[in-house]
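Remarks on the overall topology
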Amino acid sequence: MNRHLPAVECWDEVDSTNRIVAEWLRSDCMHGRALRARRQTAGRGRLGRSWLAVPDAGITMSVALAGPAWLALAPRIPLAAG
């Protein structure tokens, strides 16, 4: 069993890392596949709030976490990542 996560894909600009990773999950992508963007133009935060990411001023990233075990942990992941 491979215990290593896939490499993080780095894109220059996206509308929303979350939207793209959600598409990946619908197409049965590999668990742990991640997307980082230098700039995000239509991001969504907690409670559906929109926000923009200034290029290179922070980490704009989404990770595909698949399976029921991750669902229970979902609310804690952003805090742990911070």
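It should be emphasised that the depicted structure is a prediction, and the values quoted were computed from it without experimental measurement. (Residues numbered from 1 in each chain as written. Predicted model: local features only at pLDDT ≥ 70, side-chain atom pairs only at ≥ 80, totals over all residues. Heavy atoms only, no water.)

A complete count under the given rule lists 6 salt bridges for this structure. One salt bridge in this structure joins Asp-15 and Arg-19, with 2.8 Å as the shortest N-O distance. The exposure class of Asp-15 is partly exposed, given its relative accessible area of 29%. Here Arg-19 makes a salt bridge to Glu-23, at a shortest N to O gap of 2.4 Å. Of this pair, Arg-19 and Glu-23 both sit in helix 1 (residues 17-26), 4 residues apart, roughly one helical turn. Accessibility expressed as a relative area gives 31% for Arg-19, which makes it partly exposed. Ionic contacts of the salt-bridge type, sharing partners, join the residues Asp-12, Arg-38 and Asp-56 into one network. (Salt bridge = Lys/Arg side-chain N within 4 Å of Asp/Glu carboxyl O. Buried < 20%, exposed > 50% of the residue type's maximum accessible area, 1.4 Å probe, protein only. Helix = DSSP H or I, 4+ residues; strand = E, 2+ residues; numbered from the N terminus.)

By themselves, these observations are geometric and do not establish any function.
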